[in-house]
Amino acid sequence: MTLLQLKYIVKIVECGSMNEASHELYVSQPALSSSVKELEHELGIEIFTRSSQGIALTVDGAEFLTYARQVLDQASLLEERYKNAKPRKQLCSVSTQHYMFAVEAFVEMINSIKSDEYEFTIRETRTKDIISQVANMQSEIGILYLSDFNKNVINKLLREKHLVFHPLFRANLHVFISRDNPLAGKKKVTMEDLKPFPFIQYEQGSEGSFYFAEEAVWPEYSPKQINVTDRATILNFIIGLNGYTVCTGIDNGDLNNEKIVTVPLDTDETMLLGWITNERAKLSTAAQTYLDKLRTVIASHGYKLID
């Protein structure tokens, strides 16, 4: 086993494909594939599963990746100490549902990092993709919620993928609506109140189901419904089309408070927000810093953290 082989494994996971990794490493794909197979044969494990859809880490591969990153970090420290070489740039990837507080914490994390080089990734994406990306070690951390409705299905999927859910805080449900909406001045709104207005929700793809929805509740029937994939679009539609969406109620500078307000939703349902990680993974320093910033941001919005 060589450090070069370990670097190959880490790069393949970062790129998500053998082909892209070979380009970034300036190594032919056959040579890269052969090196990985030699390592698998030497260790007696399968690191990647290979199919027509691409490659994915096995359970053994996910565990091996954790150790490989530790070895490379230690090798980098040796080089820095004795060869005055630059340390490896810090890496951190987070996959999250569309939460402003998750992005706010990511900004805080980057601002706190004292490093000349880093490469950070944040993906606001679909619920099933979050679970898949953390399971495949494309992301160290995933952020999503559980509710009475979805918890059995989501928890079962997490167990199957060897993922662990860590609760952060519990939020009562709110809606984002335009300040010009006639409901904007109410202390609470009901789903019946909202029926005349377009319901805007995050699209979960062809394999999605109600259990993967980012909205903890939804109207029994909505004559006007819009599916979107990004947060900027949903905010524009709330303003431009006088629509609404269900949310935690946390806002920040991204939310134009001159045009959009949050109003509590009259329901007993709540959202348990938390983060997931691979049970075999050891979080990087940057990922641990992100979690610290995440807790700080949540507390700053007045929510009680769950130990």
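Residues numbered from 1 in each chain as written. Predicted model: local features only at pLDDT ≥ 70, side-chain atom pairs only at ≥ 80, totals over all residues. Heavy atoms only, no water.

The name that an unreviewed UniProt entry assigns to the chain is LysR family transcriptional regulator, with the source organism given as Bifidobacterium thermophilum.

(A) Quick peek at the overall build of the chain. Scanning the chain for helices and strands turns up 10 helices and 12 strands. On the principal axes, the C-alpha backbone points of the chain span a range of 65 × 40 × 35 Å. Expressed as a percentage of the 307 residues in the chain, the buried residues total 45%. In the chain, the share of contacts with a sequence separation of at least 24, taken over all contacts with a separation of at least 6, comes to 75%. Summing over all exposed atoms, the chain offers an accessible surface of approximately 15800 Å²; the carbon and sulfur share of this is 48%. For the chain, the centre of its 32 positive side-chain charges and the centre of its 40 negative side-chain charges are spaced 2 Å apart. (Helix = DSSP H or I, 4+ residues; strand = E, 2+ residues; numbered from the N terminus. Buried < 20%, exposed > 50% of the residue type's maximum accessible area, 1.4 Å probe, protein only. Contact = heavy atoms within 4.5 Å. Areas by Shrake-Rupley, 256 points an atom, 1.4 Å probe, with all protein chains shown as cover. Lys, Arg positive; Asp, Glu negative; His and termini not counted. Charge placed at Lys NZ, Arg CZ, Asp CG, Glu CD.)

(B) Up close: the UniProt feature "domain: HTH lysR-type" (unreviewed entry) in the chain. According to UniProt, the positions carrying the feature "domain: HTH lysR-type" (unreviewed entry) are residues 1-58. Helix makes up 62% of residues 1-58 and strand 14%. Its end C-alpha atoms lie 19 Å apart. (UniProt positions renumbered as here; feature names shortened; annotations may be inferred.)

(C) Fine view of the pattern of salt bridges. The final tally for this structure, using the stated rule, is nine salt bridges. The salt bridge involving Lys151 is made with Asp148; its shortest N-O contact spans 3.6 Å. For Lys151, a relative accessible area of 34% puts it in the partly exposed group. Here Arg295 makes a salt bridge to Asp292, at a shortest N to O gap of 3.6 Å. Of the two residues, Arg295 and Asp292 both sit in helix H10 (residues 285-300), three residues apart, roughly one turn of that helix. Classification of Arg295 by relative accessible area gives partly exposed; the value is 31%. What makes Asp292 partly exposed here is its relative accessible area of 46%. Here the salt bridges do not stand alone but share partners, grouping Lys11, Glu14 and Glu24 into one network. (Salt bridge = Lys/Arg side-chain N within 4 Å of Asp/Glu carboxyl O.)

(D) Here's a closer look at the packing of aromatic side chains. The tally for this structure, following the rule as stated, stands at 10 aromatic pairs. Summarising the aromatic geometry, the rings of Phe101 and Phe169 are spaced 5.6 Å apart at their centres and angled 80° between planes, so their arrangement reads as edge-to-face. Residue Phe101 is found in helix H5 (residues 100-112), and its partner Phe169 is found in strand E6 (residues 163-172); the two are separated by 68 residues along the sequence. Judged by relative accessible area, Phe169 falls into the buried class, the value being 0%. Pairing Phe149 with Trp218 gives two aromatic rings, centres 5.4 Å apart and planes at 80°, and the pair type is edge-to-face. Remark: Trp218 occurs in the loop between strand E8 (199-202) and strand E9 (225-228) and Phe149 occurs in the loop between strand E5 (141-146) and helix H7 (151-160); sequence separation between them is 69 residues. (Phe/Tyr/Trp six-rings, centres within 6.5 Å; stacked < 30°, edge-to-face > 60°.)

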